[in-house]
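Descriptive analysis of the structure
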Amino acid sequence: LTQEVRNNIRRTLTMTSQYTPPKVWVHEKKGDNEFANINAPVSGSRFDKELPVGKHALQLYSYGTPNGAKVTILLEELLAIGVKEAEYDAHVIPISKGDQFSSGFVGVNPNSKIPALVDKSGSKPVNVFESASILVHLAEKFDKFLPKPGTPARIQTFNWLFWAHGSAPFLGGGFGHFYNYA
């Protein structure tokens, strides 16, 4: 780890040890960053708005963040190797405007986080959210890029996949987001 990352971790741990959560959360809509007026200690939709729906079975709702890009990259890789069923419609969810809190998006992902996917290829649409979950869903659905179940290679693949989604963000840009904005 770089010295800068170590200092940021120390600063965060110090702040955490001094913080006492309030008994009742109050959403104060003020702050000095672009997400201060968007983030809130509440869940659920904040306004009524349907999501756009395209012509393909896979509907991707995302934004150009690292997590959003992961799913798009996998879909494009599937298409590149000839999986025509991986055709998808991509819909932008501008998170800086708070569109992830629309009733349509919250209906797909109650956590209001991008990316989210609606898979309409079966008899009933399936909502898939969290980028790692979407990656596994697509890899299993098309039987590509994952080692066979029950193999050590599959376990190792999941070890690294879940590390990349659970730990890696705090070592890179995710730490900066949570430290500055969330």
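The structure this text deals with has already been given above.
The sections below set out a description of the structure shown in this document. (Residues numbered from 1 in each chain as written. Predicted model: local features only at pLDDT ≥ 70, side-chain atom pairs only at ≥ 80, totals over all residues. Heavy atoms only, no water.)

What about the pattern of salt bridges?
The following threshold applies: The term salt bridge refers to a side-chain nitrogen of Lys or Arg lying within 4 Å of a carboxyl oxygen of Asp or Glu. Elements are defined by DSSP. Helices are runs of H or I of four residues or more, strands are runs of E of two residues or more, and each kind is numbered from the N terminus. Type-normalised accessible area, obtained with a 1.4 Å probe on protein chains alone, sets the label of each residue: buried when under 20%, exposed when over 50%, and partly exposed for intermediate values.
For the structure shown, the criterion picks out four salt bridges. Across the salt bridge formed by aspartate 99 and lysine 49, the nearest N and O atoms sit 3.3 Å from each other. Note that aspartate 99 is positioned in the loop between β2 (88-92) and α3 (103-108) and lysine 49 in the loop between α1 (3-18) and β1 (58-62), a separation of 50 residues in sequence. For aspartate 99, a relative accessible area of 15% translates into the label buried.

Structural notes on the nonpolar core
Stated precisely, the cut-off is as follows: Nonpolar core, defined: a set of buried Ala, Val, Leu, Ile, Met, Phe, Trp, Tyr and Cys residues in which side-chain atoms within 4.5 Å join the residues together. Contacts were defined at the residue level, with two residues in contact if any of their heavy atoms lie within 4.5 Å.
Leu58, Val71, Leu75, Leu78, Leu117, Leu138 and Phe142 are the most contacted members of the largest nonpolar core, which has 21 residues in total. When residues in this core are grouped by element, the largest group, six residues, is from helix α4 (residues 131-141). Contact partners of valine 71, with chain neighbours within four places excluded, come to Leu60, Pro115, Ser131, Ile134, Leu135 and Leu138. Counting residues in hydrophobic clusters, the runner-up holds nine residues, among them Leu51, Ile95, Val108 and Val118.

Considerations on the packing of aromatic side chains
Our working rule: Stacked, edge-to-face and tilted are the three classes for Phe, Tyr and Trp ring pairs, Trp counted by its six-membered ring, which pair at centre distances within 6.5 Å; planes under 30 degrees apart are stacked, over 60 edge-to-face, the rest tilted. For a ring to carry a charge above it, either NZ of a lysine or CZ of an arginine must fall within 6 Å of the ring centroid while also lying within 35 degrees of the normal to the ring plane.
Applying the stated criterion across every chain, the model contains two aromatic pairs. Plain terms: the ring middles of tryptophan 160 and tryptophan 163 are 5.7 Å apart, the flat faces sit at 75° to each other, and that makes the pair edge-to-face. One end of the pair, tryptophan 160, and the other, tryptophan 163, are both in helix α5 (residues 152-166), three residues apart, so they sit about a helical turn from each other. With relative accessibility at 56%, the residue tryptophan 160 sits in the exposed group. On the accessibility criterion, tryptophan 163 (39% relative accessible area) is partly exposed. The positively charged end of arginine 46 is found above the aromatic ring belonging to phenylalanine 101, 3.6 Å away from the centroid.

Comments concerning the side chain of asparagine 109
Following the sequence through the fold, asparagine 109 ends up in the loop between α3 and β3 (116-119). Take asparagine 109: its relative accessible area is 0%, and that puts it in the buried class. For asparagine 109, the contacting residues outside a window of four places in its chain are Pro115, Ala116 and Phe129.

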